[in-house]
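Each chain, letter by letter, is given below.
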Amino acid sequence: MRAVLIPLDGGSPIELTKELVLLGRDEECDIRFEQKSVSKLHCVIVKSDGVLLLRDLGSTNGTRVNGQRVRRAALLPNDILALANVKFRVHYGPETASPAVAVAPPSDRTLEESDQTVAPISPNPLPDVYPPDASGAGSGSVAPPVPRPPGS
């Protein structure tokens, strides 16, 4: 699998050639950054079963995937990866492809492509039905109404 990080600021693409890539400002890092907002040991990316797995290493300014701060995440094609304020688009491709291949922006991805779903937020986080008891013979009855403060 060929994986490339394409800088959103127009810099040169960074090909991830190793199975494990350490990113940060430290001299020991595989991919080094000069920006002070990037931690010395910011994050690590591992190639596993055709997917990139990311783990933040306790960075000061955080690692974000598609705007969401993460400690661990799978990087999918066209995801936006941000190390502090340094942003990249994730590109997967065949071994012979050029990193200059046009990729669709995240907004053009379908739900199936992104494999991300958004669960609706329930106004009442309590279940409407009591779960079964330890014997497995639950009542299945409807939970009693929760008293609400006046004026709500």
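Heads up: the structure comes first, above all this text.
The structure displayed is predicted, hence computed values, not measured ones.

Calculation criteria
- Residues numbered from 1 in each chain as written.
- Predicted model: local features only at pLDDT ≥ 70, side-chain atom pairs only at ≥ 80, totals over all residues.
- Heavy atoms only, no water.
- Helix = DSSP H or I, 4+ residues; strand = E, 2+ residues; numbered from the N terminus.
- Buried < 20%, exposed > 50% of the residue type's maximum accessible area, 1.4 Å probe, protein only.
- Contact = heavy atoms within 4.5 Å.
- Areas by Shrake-Rupley, 256 points an atom, 1.4 Å probe, with all protein chains shown as cover.
- Pairing = 2+ DSSP bridges.
- Axes fitted to C-alpha atoms, helices over the stretch in contact; angles between N-to-C directions.
- Core = buried A, V, L, I, M, F, W, Y, C linked by side-chain atoms within 4.5 Å.

(A) Region of the structure containing the overall build of the protein. Looking only at helices and strands, the protein has one helix and 11 strands in total. Listing every helix and strand of the protein by position from the N terminus yields β-β-β-β-β-β-β-β-β-β-β-α. Burial statistics for the protein: of 152 residues in total, 32% are counted as buried. Partitioning the contacts of the protein with sequence separation of at least 6, the portion at a separation of at least 24 is 35%. On the protein, roughly 10200 Å² of surface is accessible, and the fraction owed to carbon and sulfur atoms is 55%.

(B) How the structure looks around the sheet that holds strand β7 (residues 63-65). If you walk across this open sheet you meet the six strands as β2-β1-β11-β10-β7-β8, and the pairing is antiparallel. The strands lining the two open edges of the sheet, one partner per strand, are β2 (14-16) and β8 (68-70). Neighbour to neighbour, the strand axes of the sheet diverge by 30° on average, direction disregarded. Examined bridge by bridge, strand β1 (residues 2-7) and strand β11 (residues 86-93) share six bridges and lie antiparallel to one another. Its bridge partner being in β11, R2 is matched across the sheet by G93.

(C) Here's a closer look at the nonpolar core. Residues L23, I45 and L81 are the most contacted members of the largest nonpolar core, which totals 22 residues. Within the residue set of this core, elements represented by two or more residues are β1, β3 (20-24), β5 (43-48), β6 (51-56), β9 (72-75), β10 (80-83) and β11. Residues contacting L81, with those up to four places away along its chain left out, are L5, I45, L54, T63, R64, V65, L75, V86, K87, F88 and V90.

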